[in-house]
Amino acid sequence: MFTPQGPTARELTVQALSSVEHGYDLLAAKFDATPFRTPEPVLSAVTEALRPLGPFDAGLDLCCGTGAGLSVLRSLCAGDRVTGVDFSAGMLAEARRAHPKAALVRADALALPFAPAFHLAVSFGAFGHFLPKDQLTLFRQTHASLRPGGLLAFPLPAPPRVGSLPYWTLLGFDAAMRVRNALWRPPFVMYYRTFRLADVRDRLARAGFTVETAALDSLGRQEDGSPRCRLVVARKA
């Protein structure tokens, strides 16, 4: 399978100085060659964790990008009934090349255009694009798109240990993005430290979900024995 050459530093800078939507339009053709694409081990771990919770019928990949989550849904949902939604036309064009049978919809995840039709919704790596004040709306929109008993599932990595190199890297990235958004318009919302498990649980519950988590053991454990990554499973009553 052809893998595009990764973007240059200049291309990433131009993206970061654009809006979220236009930035991803610019990056779309090379997105799968960047570190931002969800790694295959994460996709596989989520697939295997969800399999015993099925069978599932129609599936939705929320903020699907180039379609990494569509592969998960296709392996879990009967009849290949999968839909991807994203607001970047460029990312959807790449998803269409990889998944020509999927239904792909351009829409804002804060105003989803769906009836309650889906049995399973997944999302990978997108929630940093939603400010805390918008996350409840996002979950309510997803809840309204699911059938009774339907699931919203997504991986949530453990936060890095305070004082570690990853901790300072993420802290520095978020600080740089806040400075950029204070000085430059339009804003580019992409933060790594605004989506914490305790807050996520609360907002999912307020949106009408019951919430469970499961360790994704194939992705390893931290020095204290806790999982490096959990699967959040939110069920619509």
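Let me begin by describing the structure that accompanies this report. Since the structure is predicted, the reported quantities are computational estimates derived from the model, not experimental observations. (Residues numbered from 1 in each chain as written. Predicted model: local features only at pLDDT ≥ 70, side-chain atom pairs only at ≥ 80, totals over all residues. Heavy atoms only, no water.)

1. Description of the state of the cysteines
How we decide: The disulfide criterion used throughout: a pair of cysteine sulfur atoms within 2.5 Å. Each residue's exposure class comes from its accessible area (1.4 Å probe, protein chains only) as a fraction of the maximum for that residue type: buried when under 20%, exposed when over 50%, partly exposed otherwise.
As enumerated under the stated definition, the model contains 0 disulfides in all. No disulfide involves Cys64; its sulfur sits 8.2 Å from the nearest other cysteine sulfur, which is in Cys63. Residue classification places Cys64 among the buried residues on the basis of a relative accessible area of 6%.

2. Considerations on the packing of helix 3 (residues 40–50) against helix 4 (residues 68–76)
What describes two packed helices is the angle between their axes and the distance between those same axes. Quick reminder of the rule: Only the contacting stretch of a helix is used when fitting its axis, a line to C-alpha atoms as for every element, and angles between N-to-C directions run 0 to 180 degrees. Runs of H or I in DSSP of at least four residues are treated as helices and runs of E of at least two as strands, each being numbered from the N terminus. When describing relative orientation, an angle under 35 degrees is termed roughly parallel and one over 145 degrees roughly antiparallel, while 65 to 115 degrees is termed roughly perpendicular and anything else oblique. In this scheme, a crossing is called left-handed if the near helix is turned counterclockwise away from the far one by less than a right angle; it is called right-handed if the turn is clockwise. Contacts are residue-level and defined by heavy atoms, with any inter-residue pair within 4.5 Å sufficient. Amino acids are sorted into nonpolar (Ala, Val, Leu, Ile, Met, Phe, Trp, Tyr, Cys and Pro), charged (Asp, Glu, Lys and Arg) and polar (every other residue, Gly among them).
The geometry of helix 3 relative to helix 4 is characterised by a closest axis approach of 10 Å and an angle of 30° between their N-to-C directions. Overall, the two elements helix 3 and helix 4 adopt an arrangement that is roughly parallel. Of the two elements, helix 3 crosses helix 4, and the hand of that crossing is right-handed. Seen from helix 3, the contacting residues are Leu43, Thr47 and Leu50; seen from helix 4, they are Ala68, Val72, Ser75 and Leu76. By residue class, the composition of the contact of helix 3 with helix 4 is 5 nonpolar, 2 polar and no charged.

3. Comments concerning the sheet that holds strand 7 (residues 229–236)
Basically, it comes down to this: DSSP bridges decide pairing: two strands pair if at least two such bridges lie between them.
Strand order in this open sheet of 7 strands is 3-2-1-4-5-7-6, and the pairing throughout is mixed. The outermost strands of the open sheet, each flanked by one partner alone, are strand 3 (103–106) and strand 6 (209–215). Going from strand to strand, the sheet's axes swing by 20° on average, the running direction of each strand aside. Looking at chain direction, strand 5 (residues 146–157) and strand 7 are connected through 7 bridges and run antiparallel.

4. Quick word on unusual backbone geometry
Cis geometry is found at the peptide bond from Gly54 to Pro55, where omega equals 5°. Its identity is not glycine, yet Cys63 carries a phi of approximately 60°, on the positive side. Within the secondary structure layout, Cys63 lies in the loop between strand 1 (59–62) and helix 4.

5. Points about the pattern of salt bridges
Inclusion rule: Definition used for salt bridges: Asp or Glu carboxyl oxygen within 4 Å of a side-chain nitrogen of Lys or Arg.
Taken as a whole, this structure holds 7 salt bridges when the rule is applied. Glu40 is the partner of Arg37 in a salt bridge, and the nearest nitrogen-oxygen pair spans 2.7 Å. The class of Arg37 is partly exposed, set by a relative accessible area of 21%. Between Arg97 and Glu94 there is a salt bridge; the shortest N-O distance is 2.6 Å. Here Glu94 and Arg97 lie together in helix 5 (residues 89–98), a separation of 3 residues that amounts to about one turn.

6. Points about helix 8 (residues 197–206)
Residues that lie three or four places apart on an α-helix share one face, since the helix turns once every 3.6 residues. Operational definition: Note that the arc is computed from the directions linking the helix axis to the C-beta atoms.
Listed in full, the buried residues belonging to helix 8 are Val200, Arg203 and Leu204. Here the buried residues of helix 8 occupy an arc of 100° about the axis, which is enough to place them on one side. On the buried face of helix 8, the contacting elements are helix 6 (132–145), strand 5, strand 6 and strand 7. Looking one or two places after helix 8, you find Gly208, whose phi comes out positive at around 110°.

7. So, the nonpolar core
Note the cut-off: Here, nonpolar core means buried Ala, Val, Leu, Ile, Met, Phe, Trp, Tyr and Cys residues that are tied together by side-chain atoms lying within 4.5 Å of each other.
In this structure, Leu62, Phe139, Leu152, Phe154, Leu204 and Phe209 are the most contacted members of the largest nonpolar core, which totals 29 residues. Elements that contribute at least two residues to this core include exactly strand 1, strand 4 (118–122), helix 6, strand 5, helix 8, strand 6 and strand 7. Filtering out sequence-adjacent residues up to four positions away, Phe154 remains in contact with Ser123, Phe127, Phe195, Val200, Leu204, Arg230, Leu231 and Val232. Leu92, Ala95, Leu216 and Leu231 belong to the second-largest nonpolar core, a separate cluster that totals 27 residues.

8. What about the environment of Val72?
Assignment of secondary structure puts Val72 in helix 4. For Val72, a relative accessible area of 2% corresponds to the buried category. Leaving out residues up to four positions away in the same chain, Val72 has contacts with Leu43, Thr47 and Phe124.

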